[in-house]
Amino acid sequence: MKLTGAEIFLECLKREGVNTLFALPGGVVLKIFDILHQQKDVNVVLTRHEQGAGHMAEGYAKATGKAGVCLVTSGPGMTNVITALADAYMDSVPLVCFSGQVPTSLIGNDAFQEADNIGLSRPCTKYNFLVKDVNDLAVTIKEAFYVATTGRPGPVLVDIPKDVSMNKADFKYPGSVSIRGYNPTYDGNKWQIKQAAEAIMKARKPILYAGGGVIFSGASEELLELAELTHIPVDMTLMALGAFPGEHPLSMGMLGMHGTYWANMAMHYSDLVIAVGARFDDRVTGKVSEFCPQAKVIHIDIDPTSIRKNVNVDIPIVGDCKSVLRELVQVLRATVNGDQKDLRRPWLDQIREWQRAHPLAYEQDPNGAIKPQHLIKRVYELTKDRDPIVATDVGQHQMWSAQYFKLAKPNRWLTSGGLGTMGFGFPAAMGAQAAFPGKLVLCIAGDGSFQMNTQELATAVVSKLPVKVFIVNNRFHGMVRQWQDLFYEGRYASSYLDKTPDFVKLADAYGAVGLRASKVSEVDDVIREAMAVDKPVLIDVPVYQYENCYPMIPAGGCNHEMILTDPPELKKQQPAGAKVAGEDKDTVLTA
Amino acid sequence: MDHIISVIVENKFGVLSRVAGLFSGRGFNIESLSVAPTLDPSMSMMTIVTTGDDRIIEQIVKQLNKLIDVIKVVDLNESEFVERETALIKVHTKPEDRAEALRLADIFRARVVDSTPTTYTIEITGDTNKIEAIINLLQPLGIKELARTGRVAIAREPVRPAATQPKRVAKE
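Calculation criteria
Residues numbered from 1 in each chain as written. Chains lettered and ligands numbered in written order. Predicted model: local features only at pLDDT ≥ 70, side-chain atom pairs only at ≥ 80, totals over all residues. Heavy atoms only, no water. Helix = DSSP H or I, 4+ residues; strand = E, 2+ residues; numbered from the N terminus. Buried < 20%, exposed > 50% of the residue type's maximum accessible area, 1.4 Å probe, protein only. Areas by Shrake-Rupley, 256 points an atom, 1.4 Å probe, with all protein chains shown as cover. Lys, Arg positive; Asp, Glu negative; His and termini not counted. Charge placed at Lys NZ, Arg CZ, Asp CG, Glu CD. Pairing = 2+ DSSP bridges. Axes fitted to C-alpha atoms, helices over the stretch in contact; angles between N-to-C directions. Contact = heavy atoms within 4.5 Å. Parallel < 35°, antiparallel > 145°, perpendicular 65-115°, else oblique. Left-handed = near helix turned anticlockwise from the far one by under 90°. Phe/Tyr/Trp six-rings, centres within 6.5 Å; stacked < 30°, edge-to-face > 60°. Lys NZ or Arg CZ within 6 Å of the ring centre and 35° of its normal. Buried area = accessible area lost by both parts, 1.4 Å probe. Salt bridge = Lys/Arg side-chain N within 4 Å of Asp/Glu carboxyl O. Polar contact = N/O pair within 3.5 Å; in protein donor to acceptor, adjacent residues only side chain to side chain. Nonpolar A, V, L, I, M, F, W, Y, C, P; charged D, E, K, R; others polar. Disulfide = S-S within 2.5 Å. Arc of directions from axis to C-beta. 1 Å grid on protein atoms, 1.4 Å probe; cavity = no way out; pocket = protein on both sides within 12 Å on 5 of 7 lines; lining within 4 Å. Points joined across faces, edges and corners; volume = space filled by probe spheres on them.

**What about the overall build of chain A?**
Counting secondary structure elements, chain A contains 22 helices and 20 strands. Projecting the C-alpha coordinates of chain A onto the three principal axes gives extents of approximately 70 × 70 × 40 Å. When each of the 591 residues of chain A is scored for burial, the buried share is 62%. Looking at chain A as shown, the accessible area adds up to about 22,000 Å², and 51% of this sits on carbon and sulfur atoms. Mean positive and mean negative side-chain charge positions of chain A (60 and 65 charges, respectively) differ by 3 Å.

Right, dumping it as structure tokens:
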């Protein structure tokens, strides 16, 4: 029997086990939406903006480990989803994005709502396809899912012209596909793994440096096994949080620009860095020439281009983290004699000393304002028993969340790392909630970030996605303000956000629930109250406006030279109109 | 130093822009690029001349390998190879220079492929030095137009694909 392109599209999604599609219609994809309207297998989440659809698909993918799927229309639909594609590309998120295209006969004619979708998405996708013939549609979709989810995962775009979705073809879904130019390496070179094991046995001050690859390859168990077998402490990148249990004694927390003091010191003074699924990002290495000066480097990564891109590597191992770590543990088990604990004691003692010297700390505000760290820490402490999924936006609140949330399991942490996309958190949380309707999904947002995708409140309400959004409201682009404090003599150019809306009323206007904590004493109550509501909740928490996030390694600085508190010469200026009278009467905003 | 990388790619639309986009997006140089189908019409061969230190060349080779439409990458500088380039040079000739132009073409074993009362079009094939040399000698006569193909190259003996893992691994 012949099916239309739109019907083939639906059949393919079903075969791929897709149960949720984040989508926004438009002229050239109406045939597809018409088919989606008449079925129950795929839940269509109608978003209010295509960027939201893209981030929701990312949140879905990060929480499930499966490909997230979104569908947008041609022209502006496509250009709107670009940010999400670029974000997914930087963070290796498996995503399949379907875009509508004008009919094949009109391509290149500057037709209404035409854009060069393939050209636009080329630099921000792992691969993209233009389907010119309905007979190729099924194979193309199979290939798209295959490319998106194998090797180093990433976003893939499938561009479907209108006539392709209308035309008919015989439907046959291939069981498997192979692409001759695409053969990711999964198993590591055995000889190299043996070399790595020897280096680990010889090292006195080794450190594991885990990245997001550990999560996507599902290698958390293997990482734990390796760390416990060898008593090597584990630094995690922003993307890796949850890959190793945050409260494990060997967990050092996050490293990098706003990482913990001890994580960065341990990295700097180590004699062996074992990088697993991490890419030596500039936010981690700091000044490359002075990065880990005494260390040999083992680098395990499925993407050969990651190796030796930023730093020199002594023992490169191209392969899947899970398979390589398993092999490495096996080799080590055969060689490790006795307990490694004693051997490691001086190194671990040294790290404890660093931990004692500069723990994560903040002071309560003498004027009674809520400190952002306090809020985030309490959200963590009061929700951790429910094993929540936590999304963040980008900025200070993101770094504090990374510092204070000690996640126990992988796939619980949704954040935009590489691209640093403000507006990511809220839709990503909704994507995860769509995948796990019964789970507690939190979003820690900034007032600046949240306003970049506020419109999705409607989606949350209509699609019944009861995410709990905490707005760490400092009425600033906080991280921008922090840099202006530290590097621009406190001139707050365009970082003050005047006329921030009343988020409680805003939530109400959309049919969500709005709550607010104005005093430190109200924080715990408002968190508990939010947890009890089975609807989307927006919790506005006005916080002390001038808090800076530490430790901090200035961009291009060296990893052991961290700024730990506000420098004494720091002058904090009040932007014009910062003390807004009247409307702020129940919030504490002044320094 | 110039590096010549030969890349076998899928012969389909958009592949050239993927390769070109990779070079521009990552700030790599392209000195010259030539593309034509191979014996198997489903594949094309690109010969890319680029510059960069070892680390950059390693990244270029790896990044090319990572492209899904790229089937095989060979860094020709890892072994012996021969390279050739063809140029068509239209020389403006005054009557007194015509003999000189022909003589130069003869010395370089170039051929005159078109002739008008005031021009000769000379076809020359050789390595870059040879082409640069004849251009330099013809310049005083007045070169009206110049079209060069860019270099193509081929290995002198069978070579293994450029290492996708760093070299020391491949040696084991």
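**Details of the sheet that holds strand E14 (residues 315-318) of chain A**
Residue and element names in this part refer to chain A. The parallel open sheet is built from six strands, whose spatial order is E11-E10-E9-E12-E13-E14. Edge strands, defined here as strands with exactly one partner in the open sheet, are strand E11 (251-254) and E14. Recorded for the sheet is a direction-independent mean angle of 15° between the axes of neighbouring strands. Helix-sheet contacts for helix H13 (residues 321-335) involve strand E12 (272-276), strand E13 (296-301) and E14, and the interaxial angle to E13 is about 130°.

**Things to note about the packing of helix H15 (residues 372-383) of chain A against helix H16 (residues 396-404) of chain A**
All names here are of chain A. In contact at an axis separation of 9 Å, H15 and H16 are set at 45° when each is read in the N-to-C sense. It follows that H15 is oblique to H16 by the angle criterion. H16 is crossed by H15, and the crossing has right-handed handedness. On H16, the residues touching Pro372, Gln373, Ile376, Lys377 and Tyr380 of H15 are His397, Trp400, Ser401 and Tyr404.

**A closer look at the packing of aromatic side chains**
For the coordinates displayed, the defined rule picks out 20 aromatic pairs over all chains. Ring centres 4.7 Å apart and planes at 85° place the aromatic pair A:Phe9 and A:Phe98 in the edge-to-face group. Of this pair, A:Phe9 sits in helix H1 (residues 5-15) while A:Phe98 sits in strand E5 (residues 95-101); the two residues are 89 residues apart in sequence, bridging distant segments of the chain. One exposure class covers both A:Phe9 and A:Phe98, and it is buried. The rings of A:Phe476, A:Tyr492, A:Tyr496, A:Tyr544 and A:Tyr546 are connected pair by pair, giving a single aromatic cluster. The ring of B:Phe13 is capped by A:Lys132, whose NZ or CZ atom sits 4.3 Å from the centre of that ring. Residue placement shows A:Arg481 over the ring face of A:Phe476; its charged tip is 5.6 Å from the ring centre.

**Let's talk about the interface of chain B and chain A**
Each side of the interface is counted separately: chain B has 27 residues, and chain A has 28 residues. Each partner contributes to the roughly 2,400 Å² buried at the junction of chain B and chain A, and carbon and sulfur atoms together form 49% of this total. A per-residue breakdown of the area chain B buries against chain A is headed by B:Arg18, B:Arg55 and B:Ile68, which together make up 30% of the total. The interface formed by chain B and chain A holds three salt bridges in total. The partner of A:Asp303 in a salt bridge is B:Lys66, with the nearest N and O atoms 2.7 Å apart. Counting the contacts that link chain B with chain A gives 13 residue pairs in polar contact (both at pLDDT 80 or more). At the level of elements, helix H1 (15-25), helix H2 (54-66), strand E4 (70-75) and helix H5 (167-170) of chain B are the ones that each hand at least two residues to the side of chain B that touches chain A. With seven residues, H2(B) is the largest single contributor of residues to the side of chain B that touches chain A. Taken together, the residues of the side of chain B that touches chain A break down into eight nonpolar, eight polar and 11 charged.

**Focus on the state of the cysteines**
Residues and elements named next belong to chain A. Tallied over the full model, the rule gives zero disulfides over all chains. Left without a disulfide partner, cysteine 124 is nearest to the cysteine sulfur of cysteine 97, which lies 9.5 Å away. Free cysteine: cysteine 443, not disulfide-bonded; nearest cysteine sulfur from cysteine 549 at 17 Å.

**A closer look at helix H22 (residues 523-532) of chain A**
When we look at burial in H22(A), the residues that qualify are A:Val523, A:Asp524, A:Val526, A:Ile527, A:Ala530 and A:Met531. Burial along H22(A) is one-sided: seen end-on, the buried residues are contained in an arc of 170°.

**A few points about empty space enclosed by the protein**
All names here are of chain A. By the definition in use, this model includes one cavity of 30 Å³ or more. Put simply, the largest cavity is a space of about 80 Å³. What lines the largest cavity is Lys62, Gly212, Ile215, Phe216, Met239, Asn411 and Trp413. In terms of residues, the lining of the largest cavity owes the most to one element, helix H9 (residues 212-216), which gives three residues. Classifying every residue of the lining of the largest cavity by side-chain character gives four nonpolar, two polar and one charged.

**Describing the sheet that holds E4(B)**
Residues and elements named next belong to chain B. Overall, antiparallel pairing links the four strands, which are arranged E2-E3-E1-E4 in an open sheet. The open sheet has two free edges, formed respectively by strand E2 (32-37) and E4, since each of these has just one partner strand. The sheet shows a mean angle of 15° between the axes of neighbouring strands, taken without regard to direction. Of the strand pairs in this sheet, strand E1 (residues 2-10) and strand E3 (residues 43-51) are connected by nine bridges, and their pairing is antiparallel. Paired with histidine 3 across the strands is threonine 50, a residue of E3. Along the sheet, H1 contacts E1, E2 and E3; its crossing angle with E3, the most-contacted strand, is approximately 20°.

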